[in-house]
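Observations on the model geometry
So you can see what is in the structure, the chains are spelled out below.
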Amino acid sequence: MREAIPQPSGDDREKLLERAMARHHYAGDSLIEILHTAQQLYGYLSPFLLKTVAHRLKLPPSRVLGVATFYHLFRFAPPKPHSAAVCMGTACYAAGATELMAAIEQCHPDPAAWSIGAGRCLGSCGLAPVVICDGRAMSRVTPSEFEARVKAAG
Ligand code: FES
């Protein structure tokens, strides 16, 4: 007899995750695909979600956590409404990405609303320095342009 699934919520996401696990026959070697589906559904992998997947796939929670933390594509905190990633590739670095990052941190975007980080070369080196802001590329970014973007976002 199967153990009861912990109930995180009353919405359809739980059913969809269960279907995804069933589609993979609750196979442990489908863990990455199932974690990917879980993240697509919930936006991130909470400890509760990781434990639920471990339970349903009959895997040790330490293995599920180990696999999830190995891959950079998984998130463990809710996504923030806004994000900015400053490219720190060679061309962007030479064009002042470090100074831009310092200026961005100085303009104090609301930490509850903004996720600020560094990224790798985006292949748009001729537009350096590049910032991916809310999924869109900003080219030849100056600190004042970024500050204006933060203010426009609210
Ligand atoms: S180094 Fe920044 S886009 Fe290539």
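Residues numbered from 1 in each chain as written. Predicted model: local features only at pLDDT ≥ 70, side-chain atom pairs only at ≥ 80, totals over all residues. Heavy atoms only, no water.

**Things to note about the overall build of the chain**
Selection criterion: Secondary structure elements are defined from DSSP: runs of H or I of at least 4 residues count as helices, runs of E of at least 2 residues count as strands, and each element is numbered from the N terminus. The globule rule used for comparison is 2.2 Å times the number of residues to the exponent 0.38, while the radius of gyration itself is calculated over C-alpha atoms. Only protein chains enter the accessibility calculation, which uses a 1.4 Å probe. A residue is then buried if its area is under 20% of the maximum for its type, exposed if over 50%, and partly exposed in between. To be clear on the numbers: accessible area is Shrake-Rupley with a 1.4 Å probe, and residue cover counts the displayed protein chains and nothing else. For this count, His and the chain ends are skipped, Lys and Arg are scored as positive, and Asp and Glu as negative. All charge positions are set by atom: Lys at NZ, Arg at CZ, Asp at CG, Glu at CD.
A count of helical and extended segments in the chain gives seven helices and four strands. Starting at the N terminus and walking to the C terminus, you meet the elements of the chain as α-α-α-α-β-α-α-β-β-β-α. Against the 2.2 N^0.38 benchmark of 15 Å for 154 residues, the chain shows a C-alpha radius of gyration of 20 Å, more extended than a compact globule. For the C-alpha atoms alone, the extent of the chain along its principal axes is close to 60 × 30 × 25 Å. A burial count over the chain gives 34% of its 154 residues as buried. For the chain, the exposed surface amounts to about 9,400 Å²; the carbon and sulfur share of it is 57%. The chain carries 16 positive and 13 negative side-chain charges, and their two centres are separated by 5 Å.

**Some thoughts on the side chain of Arg56**
So the rule is basically this: Residues adjacent in sequence count toward polar contacts only when both atoms are side-chain atoms; beyond that, a polar contact is any pair of N or O atoms within 3.5 Å, and within protein one must be able to donate a hydrogen and the other to accept it.
Mapped onto the secondary structure, Arg56 falls in helix H3 (residues 47–57). Using a relative accessible area of 5% as the deciding quantity, one classes Arg56 as buried. Looking at Arg56, its side chain comes within polar contact range of the side chain of Glu18, at 2.6 Å.

**A short note on the sheet that holds strand E1 (residues 82–87)**
Just so we agree on the cut-off: Two strands form a pair only when DSSP identifies at least two bridges running between them. With axes taken as lines fitted to C-alpha atoms, and helix axes fitted only over the stretch in contact, angles between N-to-C directions fall between 0 and 180 degrees.
The four strands are arranged E2-E1-E3-E4 in an open sheet whose pairing can be described as mixed. The open sheet terminates on both sides in strands that have one partner only, identified here as strand E2 (114–119) and strand E4 (136–138). Neighbour to neighbour, the strand axes of the sheet diverge by 25 degrees on average, direction disregarded. Judged from the six bridges that link them, E1 and E2 form a sheet pairing that is parallel.

**Thoughts on the domain arrangement of the chain**
Put simply, an interface is often sized by how much accessible area is lost when its parts join up. Inclusion rule: For every domain, the bounds stem from an assignment made automatically or drawn from a database.
What the domain assignment reports for the chain is domain 1 (13–70) and domain 2 (82–153). Taking only C-alpha atoms into account, the centre of domain 1 sits 33 Å from that of domain 2.

**Quick word on the environment of Gly43**
Our working rule: Should any heavy atoms of two residues lie within 4.5 Å, those residues are counted as being in contact.
Considering the arrangement of structural elements, one finds Gly43 in the loop between helix H2 (31–42) and H3. A relative accessible area of 15% means that Gly43 is categorised as buried. Placed 36 residues apart in sequence, Gly43 and Pro79 show a C-alpha to C-alpha distance of 6.7 Å. Dropping the residues within four chain positions of it, Gly43 is found in contact with Ala38, Arg75 and Pro79.

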